[in-house]
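The residues making up each chain are set out below.
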Amino acid sequence: VQTCALPISVKALATYFTFGLILTLGFYLRIAGLEKYYFWGDDAMNLINAKNLSWNLVEFAKFEPHPPLYYFLLKIYMKLFGVENRLGLRSIGLIPGILTIFLGYFAAINISKNRAVGLLGAFLIATSPPMIEKSQELRCYSLELMFLFALVGLVSAEINVNPKLKWLLMLA
């Protein structure tokens, strides 16, 4: 009698399926009603800053406190979608917002060593009203949150590899 062994466990499949549902929910919550928002004063300033952005970062830093990466990305988005397309321009926060859910899952698993905690963390990020709001704004906050969760995930992964680093980080 020949048996067919699955290369992946049923528990792992259930985790991946649940995580996929959480990502889908997070995407839906972030894109729902995205086109109803008009540009605010800060959004208009971001569009002006991105339009006038040049490679002279010293001049740029004199009037803008945020790092220029967001404005470079926004400038590309403006060329792709045009300045009048609210849905297209507001979607710039969507990709980092969805990636933040994934990175939150990764960080929670690295910290707790438990898939259920990772799923809970991903669910909380996916359904958190402030996280959803930041993903719908034409501002750099969702990109900054994505980098923050990436940093937490990478540091926690490194601590798992090198436990002595934990004490060094606690002292810092």
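Report follows, based on the coordinates. Every chain is numbered on its own, with residues counted from 1 as its sequence reads. In keeping with the predicted nature of the model, local features appear solely for residues at pLDDT of at least 70, side-chain atom pairs appear and are counted solely at 80 or more, and the whole-chain, interface and lining totals rest on all residues. No hydrogens and no water enter the side-chain calculation; it runs on all heavy atoms of the structure.

Here's the deal with the overall build of the protein
This is how it is decided: Counting from the N terminus, the helices are the DSSP runs of H or I reaching at least four residues and the strands are the DSSP runs of E reaching at least two. For every residue, the accessible area (1.4 Å probe, protein chains only) is compared with the maximum for its type, and the residue is labelled buried under 20%, exposed over 50%, or partly exposed between those bounds. Residues are treated as being in contact if the distance between any of their heavy atoms lies within 4.5 Å. Only the protein chains shown count as cover for residues, and the accessible areas themselves come from Shrake-Rupley with a 1.4 Å probe.
Scanning the protein from terminus to terminus reveals ten helices and zero strands. Each helix (α) and strand (β) of the protein, taken in turn from the N terminus, gives the series α-α-α-α-α-α-α-α-α-α. The buried share among the 172 residues of the protein stands at 35%. Within the protein, contacts between residues separated by at least 24 positions form 70% of all contacts whose residues are at least 6 apart in sequence. On the protein, roughly 10800 Å² of surface is accessible, and the fraction owed to carbon and sulfur atoms is 71%.

Structural notes on the packing of helix H8 (residues 129-136) against helix H9 (residues 141-161)
Test applied: Lines are fitted to the C-alpha atoms to define the axes, a helix being fitted only along its stretch in contact, and any angle between axes, read from their N-to-C directions, falls within 0 to 180 degrees. The labels follow the angle: roughly parallel below 35 degrees, roughly antiparallel above 145, roughly perpendicular from 65 to 115, and oblique for the rest. In this classification, Asp, Glu, Lys and Arg are treated as charged, Ala, Val, Leu, Ile, Met, Phe, Trp, Tyr, Cys and Pro as nonpolar, and every other residue, Gly included, as polar.
Viewed as axis vectors pointing N to C, H8 and H9 meet at an angle of 125°, and their least axial separation amounts to 7 Å. When the axis of H8 is compared with that of H9, the two are oblique. In this structure, H8 contributes Met 131, Lys 134 and Ser 135 to the contact, and H9 contributes Tyr 141, Ser 142, Leu 145 and Phe 149. For the contact of H8 with H9, the class distribution of residues is four nonpolar, two polar and one charged.

Let's talk about the packing of helix H6 (residues 94-112) against helix H7 (residues 115-127)
Helices that pack against each other are described as a pair by the angle of their axes relative to one another and the distance between those axes. This is how it is decided: For any pair of crossing helices, the crossing counts as left-handed if the nearer helix is rotated counterclockwise from the farther one by less than a right angle, and right-handed if it is rotated clockwise.
Packing of H6 against H7 brings their axes to within 8 Å, and their N-to-C directions diverge by 150°. As judged from the angle between their axes, H6 and H7 are roughly antiparallel. In this structure, the crossing between H6 and H7 has a hand that is right-handed. Counted together, Thr 100, Ile 101, Gly 104, Tyr 105, Ala 108, Ile 109 and Ser 112 of H6 and Arg 115, Val 117, Gly 118, Leu 119, Ala 122, Ile 125 and Ala 126 of H7 form the full contact between these two elements.

Details of H7
Applied cut-off: Here the expected length of a helix is defined as 1.5 Å per residue gap, with one fewer gap than residues. Directions drawn from the helix axis to the C-beta atoms are what define this arc. Definition of a polar contact: a pair of N or O atoms within 3.5 Å, with one able to donate and the other able to accept a hydrogen when the atoms are protein atoms, and with sequence-neighbouring residues admitted only if both atoms are side-chain atoms.
The terminal C-alpha atoms of H7 lie 18 Å apart, and with 13 residues this matches the ideal 18 Å at 1.5 Å per residue to within 8%. Here H7 has its buried residues at Gly 118, Leu 119, Gly 121, Ala 122, Ile 125 and Ala 126. The buried residues of H7 occupy an angular sector of 160° when the element is viewed end-on, so they sit on one face. The inward-facing, buried residues of H7 abut helix H1 (10-31), H6, H8 and H9. In this structure Asn 114 caps H7, since a side-chain oxygen of it lies 2.8 Å from the backbone nitrogen of Ala 116.

Focus on the nonpolar core
Put simply, the rule reads: Here, the term nonpolar core denotes a set of buried Ala, Val, Leu, Ile, Met, Phe, Trp, Tyr and Cys residues that are joined through side-chain atoms within 4.5 Å.
Leu 47, Tyr 70, Leu 74, Met 78, Leu 89, Ile 92 and Leu 138 are the most contacted members of the largest nonpolar core, which totals 16 residues. At the level of elements, helix H2 (41-51), helix H4 (69-81) and H9 are the ones that each hand at least two residues to this core. Of the residues forming this core, the biggest block, five residues, is contributed by H4. Core analysis: the next-biggest nonpolar cluster, separate from the first, contains ten residues, Phe 19, Ile 98, Ile 101 and Ala 126 among them.

Comments concerning the packing of aromatic side chains
Quick reminder of the rule: Pairing of aromatic rings covers Phe, Tyr and Trp, the last counted by its six-membered ring, and requires centre-to-centre distances within 6.5 Å; plane angles under 30 degrees mean stacked, over 60 mean edge-to-face, and any other angle means tilted.
Tallying each qualifying case throughout the model produces three aromatic pairs. Between the aromatic rings of Tyr 70 and Tyr 71, the centroid separation amounts to 5.5 Å while the plane-to-plane angle is 80°, which identifies the pairing as edge-to-face. With relative accessibility at 3%, the residue Tyr 70 sits in the buried group. An aromatic cluster is defined as three or more aromatic residues linked by ring pairs; in this entry it consists of Phe 19, Phe 102 and Tyr 105.

Let's talk about H4
Compared with the 18 Å implied by 1.5 Å per residue over 13 residues, the 18 Å span of H4 between its first and last C-alpha is a close match. Backbone geometry just after H4 places Gly 82 at a positive phi near 85°.

Thoughts on unusual backbone geometry
In this structure, Lys 113 takes a positive phi of about 60° despite not being glycine. In this structure, Lys 113 sits in the loop between H6 and H7.

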